[in-house]
Amino acid sequence: MVEVLTKLLDNACKFTEPGGKITIQAQINETQPESIGFVTKNRHGNPMLELIVADTGRGIEPSQLDAIFESFYQEEDSLRRTVGGTGLGLAICRQIIKGMGGKIWAKSEGKNQGSQFHFTIPLESSQTLLTVDY
């Protein structure tokens, strides 16, 4: 999960101009979100943890929202020159989340509209959500 969050935050930083905003949200889903089309409880009936990394950056064309999770995909060839990268980060995230029994997807209204990256992972009933030591 740390690897996925690191990659999503790295992308948000790359594609959000100075002065933009990046947020991280976490929520526990007990029921299926209607707009996503998949269950948010695992096979044992436990809820799913959903994390969302949102930014006010360059956005993604809606027609490309599925393609961005493919290996070596970058929305524009010019991105390779301006922000670097191999186009593997989101494909790796998809494999990690899938291996954990979750789902990952993106939302964006299009160019310059920002992006939201969502992923879910199953929670076991005894799992600790967050521990902070000072």
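Residues numbered from 1 in each chain as written. Predicted model: local features only at pLDDT ≥ 70, side-chain atom pairs only at ≥ 80, totals over all residues. Heavy atoms only, no water.

Engineer: Break down the confidence of the model for the protein for me, citing the residues and quoting the values.
Structural biologist: With 70% of its residues at a pLDDT of 70 or more, the protein shows a mean pLDDT of 80. Predicted confidence in the protein is weakest over helix α2 (residues 77–82), with a mean pLDDT of 45, and strongest over strand β3 (residues 103–107), with 96. Between residues 77–81, whose pLDDT stays under 50, and residues either more than four places distant or in other chains, the model counts eight contacts. (pLDDT = per-residue confidence, 0-100. Helix = DSSP H or I, 4+ residues; strand = E, 2+ residues; numbered from the N terminus. Contact = heavy atoms within 4.5 Å.)

Engineer: Which residues make up the packing of helix α1 (residues 2–15) against helix α3 (residues 89–99), and what are the values?
Structural biologist: In contact at an axis separation of 9 Å, α1 and α3 are set at 150 degrees when each is read in the N-to-C sense. Relative to α3, α1 is oriented roughly antiparallel. Judged by the sense of rotation from one axis to the other, the crossing of α1 with α3 is left-handed. In this structure, α1 uses Glu 3, Val 4, Lys 7, Leu 8 and Asn 11 to contact α3, whose residues at the interface are Gly 89, Leu 90, Ile 92, Cys 93, Ile 96 and Ile 97. (Axes fitted to C-alpha atoms, helices over the stretch in contact; angles between N-to-C directions. Parallel < 35°, antiparallel > 145°, perpendicular 65-115°, else oblique. Left-handed = near helix turned anticlockwise from the far one by under 90°.)

Engineer: Please provide a residue-by-residue account of the nonpolar core, values included.
Structural biologist: Leu 8, Ile 68, Phe 69, Phe 117 and Phe 119 are the most contacted members of the largest nonpolar core, which totals 20 residues. Elements represented by at least two residues in this core include exactly α1, β2 (48–55), α3, β3 and β4 (115–122). With four residues, the top contributor of residues to this core is α1. Setting aside chain neighbours within four positions, we find Phe 117 in contact with Leu 8, Leu 51, Ile 52, Val 53, Ile 60, Ile 68, Phe 69, Leu 90, Trp 105 and Ala 106. (Core = buried A, V, L, I, M, F, W, Y, C linked by side-chain atoms within 4.5 Å. Buried < 20%, exposed > 50% of the residue type's maximum accessible area, 1.4 Å probe, protein only.)

Engineer: Any details on the pattern of salt bridges? Residues and values, ideally.
Structural biologist: Within the structure shown, the criterion is met by three salt bridges. Residues Lys 14 and Asp 10 are paired through a salt bridge, measuring 3.7 Å at the closest nitrogen-oxygen approach. Of this pair, Lys 14 and Asp 10 both sit in helix α1, four residues apart, roughly one helical turn. (Salt bridge = Lys/Arg side-chain N within 4 Å of Asp/Glu carboxyl O.)

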